[in-house]
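# Inside the fold
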Amino acid sequence: MPPVCRVPLTTGEARVRNPVAGLPPSGVSVDPPAAGLRCDFRNLPMKQRLRCSYPHSPAGAHEKGRALSELVAAEDVLLFVNAAVTATGQREFRSSAVAQHFSLRFVHEYVRVNYRPVYAAALALDINHHNAALIVEQLLRTPHEAGGSEAKRAEGRLIAARLALLPPQRVYRLFRSLRAAGVNNRRTRAIVRAWLAARPDPALDAVKYRPGLKAALRHVHGRPADDETGDFLFAPGRRVRYGNATLDAYRRAHYEQGALYELPFTVAEGFAARHKVPRAVFLERIAPRMTRLEQLRTARAADLTVMPLTRLALYVLSLPFAERVERRAELTHALRAAARRAAGPHAGSWGRVAAVLDDSFSSSGSAVKRRRPLAVALGCHFLLEALAAPGAYTPLWTSGGSDPLLVRPYGPTPLGLRILDALETGPDRVVIVSDGWDNAPPGLAGEVLRVWRTRLDAERRTSVVHLNPVYDAEGFDVRRLAPSVPTAGIRDAEDLAALVEIAQFAEGRTGFAELGAYLDRRVELFLKEAGG
């Protein structure tokens, strides 16, 4: 009997079967096809979802049923990719943090059990850090589901490569979660030790991430990088002074103000408060040791031309309108430079492009993700401008505005009307960046796209893609506009080109084999770039 995954729910219990034996050497596959999340859960009312137990396979002949099941499997995988790109478990405009957390955990559990090889392969995609850490945690907590040794080695390589890309603070948080869950198998200990050994500056980690480093070393019974770091972590009173400059600066900063300016900004900030150093004086003197993001967060001058596109868009939207107007040339130049870097070799290759960009009130996001959807739309605007042929780009904001630097979250979402305007320009591509809540009037966008696809452009001369920056907790996916238009989740505008590529699999015309081949290519490239 196949293993059963039990997902704890608040009002019921859902069970799904695990048909995946492991990851064969040839790549990603699902045999026999798993029944789909989309048809059994997503389109049902919530109470029915929670009562639903073993999903049903499509009826019909064996070969036809297998083909349909593989299509459903592909849809399930794309649903998970959308969630892993957009969802962070935080509050969104229309759903609470609790709903987001519950929905995301359920999707992870479902895909891990039914499609474990694909679940691990998602680490090679452009998913966000929150979901990458969650995938690593789930894989390490369930080694018995991995199958054979080959599958475990494949997972281990992906985990190691992804941990190398995650911010250190998030990795240390992941290690604490594993320790709290009692996960201490041999593979976990090897992965943690390898990651700690690869850290470029152990002394800096000891100062900046002291609790996390101590917990990780204790959990895997590891040894510090050297005796000084070991004494600093576990016997701080043993040494009068340290030979390492960072460790000794931390010691001296307890009683010497000048020493705090030799420390990382986040550590020095606490000492500055203890010594009652005026904030302006502290920021001026610590500026050489601040990162670009720290300079932006503290409103210090930074070289905006090297900032990532979405981060830069968030910074621009945080400025008052008067400052945006005053610095128009500087901000526009920086945004276009970031967009050109993100476009890379694809710059100018997309032909005629029309963009429908959502700056309605819902693009304001939430208190923890302030203006994030609007920042993604703004970043996409400049990136699409770089991707389109020179002079062949038409931006259409839902508010009707024409000045991207002065956009603000305001008004309803007339997506249907803007899509009509976009199609009238005769573009090669239409890219819609919106949370999908078409409400002026409701449903017009879906009807426009349906008629366009079935009657006016059945030959698909115009490519239409919907990119959604907001995860819909109730639907276990990003909200879609029409079945005939592929939808992909997006978190960072610079990932637009890659997401448009993967969105082709959401049109329902390709099965799991094509998607599996795409994932194989991404995994191979990811491991090659990581040196694995």
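What counts and what doesn't
- Residues numbered from 1 in each chain as written.
- Predicted model: local features only at pLDDT ≥ 70, side-chain atom pairs only at ≥ 80, totals over all residues.
- Heavy atoms only, no water.
- Patch = residues over 30% accessible without salt bridge, like charges linked within 9 Å, V, L, I, M, F, W, Y side chains within 5 Å.
- Areas by Shrake-Rupley, 256 points an atom, 1.4 Å probe, with all protein chains shown as cover.
- Salt bridge = Lys/Arg side-chain N within 4 Å of Asp/Glu carboxyl O.
- Helix = DSSP H or I, 4+ residues; strand = E, 2+ residues; numbered from the N terminus.
- Buried < 20%, exposed > 50% of the residue type's maximum accessible area, 1.4 Å probe, protein only.
- Polar contact = N/O pair within 3.5 Å; in protein donor to acceptor, adjacent residues only side chain to side chain.
- Contact = heavy atoms within 4.5 Å.
- Axes fitted to C-alpha atoms, helices over the stretch in contact; angles between N-to-C directions.
- Parallel < 35°, antiparallel > 145°, perpendicular 65-115°, else oblique.
- Left-handed = near helix turned anticlockwise from the far one by under 90°.
- Nonpolar A, V, L, I, M, F, W, Y, C, P; charged D, E, K, R; others polar.
- Core = buried A, V, L, I, M, F, W, Y, C linked by side-chain atoms within 4.5 Å.
- Pairing = 2+ DSSP bridges.
- Right-handed = clockwise from strand over helix to strand, strands pointing away.

Another point: a nonpolar patch on the surface. Taken together, the side chains of Phe-321, Val-325 and Leu-406 present a nonpolar region at the surface, about 230 Å² in accessible area. Mapped onto the secondary structure, Val-325 falls in helix 18 (residues 321-326). Val-325 gets classed as partly exposed once you look at its relative accessible area, which sits at 44%.

So, on to the pattern of salt bridges. Counted by the stated rule, this structure contains 30 salt bridges. A salt bridge links Glu-256 to Arg-252; the nearest nitrogen and oxygen atoms lie 3.3 Å apart. Using a relative accessible area of 16% as the deciding quantity, one classes Arg-252 as buried.

With that settled, consider the side chain of Asp-248. Tracing the backbone through its elements, the reader meets Asp-248 in helix 13 (residues 245-252). A residue is classified by how much of its surface remains accessible, and Asp-248, at 13% relative accessible area, is buried. Only 2.9 Å separates the side chain of Asp-248 from the side chain of Arg-251, close enough to count as a polar contact. Once residues within four sequence positions are removed from consideration, Asp-248 is found in contact with Arg-241 and Tyr-242.

Take the packing of helix 8 (residues 168-180) against helix 9 (residues 186-197) next. Taken N-terminus to C-terminus, the directions of helix 8 and helix 9 make an angle of 155°; their axes are 12 Å apart at the nearest point. What the angle tells us is that helix 8 and helix 9 run roughly antiparallel. Handedness of the crossing formed by helix 8 with helix 9: left-handed. Along its contact with helix 8, which presents Pro-168, Val-171, Tyr-172, Phe-175 and Leu-178, the element helix 9 presents Thr-188, Val-192, Trp-195 and Leu-196. Residues of the contact of helix 8 with helix 9, tallied by class, amount to 8 nonpolar, 1 polar and no charged.

This part covers the environment of Ala-272. For Ala-272, the location among the structural elements is in helix 14 (residues 265-274). On the basis of relative accessible area, Ala-272 is assigned to the buried category, the value being 4%. The sequence separation of Ala-272 and Leu-260 amounts to 12 residues, and the corresponding C-alpha distance is 7.3 Å. If near-sequence neighbours (up to four positions away) are discounted, Ala-272 is found in contact with Leu-260, Val-277 and Phe-282.

Bringing the environment of Leu-519 into the picture now. By secondary structure assignment, the location of Leu-519 is in helix 24 (residues 512-529). Residue Leu-519 is classed as buried on the basis of its relative accessible area, which comes to 2%. In this structure, the C-alpha to C-alpha distance between Leu-519 and Ala-122, residues 397 residues apart in sequence, is 7.9 Å. Setting aside chain neighbours within four positions, we find Leu-519 in contact with Val-77, Val-118 and Leu-125.

This part is about the nonpolar core. Of all hydrophobic cores here, the largest spans 136 residues; its most connected members are Leu-163, Phe-175, Leu-263, Phe-282, Leu-384, Leu-467 and Leu-496. In this structure, Phe-282 is in contact with Leu-260, Tyr-261, Phe-265, Ala-268, Glu-269, Ala-272 and Val-277, ignoring residues within four places of it in sequence. By size, the runner-up hydrophobic cluster in this structure holds 17 residues, among which are Val-356, Ala-422, Val-430 and Val-485.

Glancing now at unusual backbone geometry. Cis geometry marks the peptide bond from Ala-440 to Pro-441; its omega dihedral reads -10°. Within the secondary structure, Pro-441 sits in the loop between strand 5 (429-433) and helix 22 (444-456). Phi is positive for Lys-276, close to 60°, though the residue is something other than glycine. Structurally, the position occupied by Lys-276 is in the loop between helix 14 and helix 15 (279-286). Even without glycine at this site, Arg-460 takes up a positive phi of about 60°. When you line up the elements, Arg-460 lands in the loop between helix 22 and strand 6 (463-468).

The side chains of a regular strand alternate, residue by residue, between the two faces of the sheet. For strand 3 (residues 353-357) and strand 4 (residues 393-397), the ladder comprises 5 bridges, and the chain directions are parallel. Bridging across to strand 4, Ala-355 finds its partner in Pro-395. The handedness of the strand 3 to strand 4 crossover, carried by helix 20 (residues 372-387), is right-handed.

Burial analysis of strand 3 places 5 of its 5 residues in the buried class, which makes it a mostly covered element. Here strand 3 shows two buried faces, one formed by Val-353, Ala-355 and Leu-357 and the other by Ala-354 and Val-356. Pairing between strand 3 and strand 5: 5 bridges, direction parallel. Following the sheet pairing, Val-353 is matched in strand 5 by Arg-429.

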